[in-house]
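Next come the chains, spelled out residue by residue.
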Amino acid sequence: MAKRPPITNRVRELREAHGQMSQAALAEIIGVTRQTVIAIEQGRYSPSLESAFRIARAFGVGVEDAFGWDDQAA
Amino acid sequence: MSFREKSAWAMIFILFSAGAYYFNKIIGISHALGETAPPIISLVISYVILIVIASIIIMAAIAGTSGREANQPADERDRLIIDKAGHWSGYILAAGALAGIFNYSVLHDGNLLFHIVFASLMLSQIGEYVFQIILYRRGV
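All values derive from a computational prediction rather than experimental measurement.

Overview of unusual backbone geometry
One can expect most non-glycine residues to show negative phi and most peptide bonds to be in trans.
Then step 1. The phi dihedral of Gln20(A) falls on the positive side, at around 50°, and the residue is not glycine.
Then step 2. Within the element layout of this structure, Gln20(A) appears in the loop between α1 (11-17) and α2 (23-30).
Then step 3. In the Ramachandran plot, His108(B) falls in the positive-phi region, its phi being about 55° despite a non-glycine side chain.
Then step 4. In this structure, His108(B) sits in the loop between α3 (76-107) and α4 (110-138).
Then step 5. Assessed through its relative accessible area of 59%, His108(B) is described here as exposed.

A word on the interface of chain A and chain B
Then step 1. At the junction of the two partners, chain A supplies 14 residues and chain B supplies 15 residues.
Then step 2. Applying the counting criterion to the chain A and chain B interface returns 7 residue pairs in polar contact (both at pLDDT 80 or more).
Then step 3. Counting residues per element, the side of chain A that touches chain B draws most heavily on helix α3 (residues 34-41) of chain A, at 3 residues.
Then step 4. Residue composition of the side of chain A that touches chain B, grouped by class: 6 nonpolar, 6 polar and 2 charged.

Cut-offs applied
- Residues numbered from 1 in each chain as written.
- Chains lettered and ligands numbered in written order.
- Predicted model: local features only at pLDDT ≥ 70, side-chain atom pairs only at ≥ 80, totals over all residues.
- Heavy atoms only, no water.
- Helix = DSSP H or I, 4+ residues; strand = E, 2+ residues; numbered from the N terminus.
- Buried < 20%, exposed > 50% of the residue type's maximum accessible area, 1.4 Å probe, protein only.
- Contact = heavy atoms within 4.5 Å.
- Polar contact = N/O pair within 3.5 Å; in protein donor to acceptor, adjacent residues only side chain to side chain.
- Nonpolar A, V, L, I, M, F, W, Y, C, P; charged D, E, K, R; others polar.

Written as structure tokens, this is what we have:
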């Protein structure tokens, strides 16, 4: 298994808190494929800064509310 | 399995089959001649045509079963994976080219040099799709 990126996220949690928003709907909002949203949620992909901002704005939160930094994984 | 991953598997199958067809012919001709077969342009052209036709048919079939996903352009993750896989596959091509040059400097067989470089090109193409699958599955 590949080393996990040190960037953690609460995307799944935020998506579920926003009326069970589907992965496809979030993908549409931020302009990526549903597979990429799945990869982000599973920690297999760290999105670009632009996509991170788009995700945070989609949920009306700050980037640091949606994403975090895992010192142990860094 | 995503559309892009299915496409990569399909391309591996197509490239491997076409490569096997090509080298099966070349090895047969080399045995018949008792020396390395010269480059056969008609065989190279039929190899390319085989890949193009098989790609169109198989990709159309995969797209037909993948719905909307097939029409979506590559996103940032796809582009990163394609770039990385292309970068790594370049090493296969370079290694093959170096092996061909070394081989030529020792054996002075230009026909063998052609086949080694052509095989490296085939392997690097297959490798590119293998790396894409690895990156899609393991993360990038």
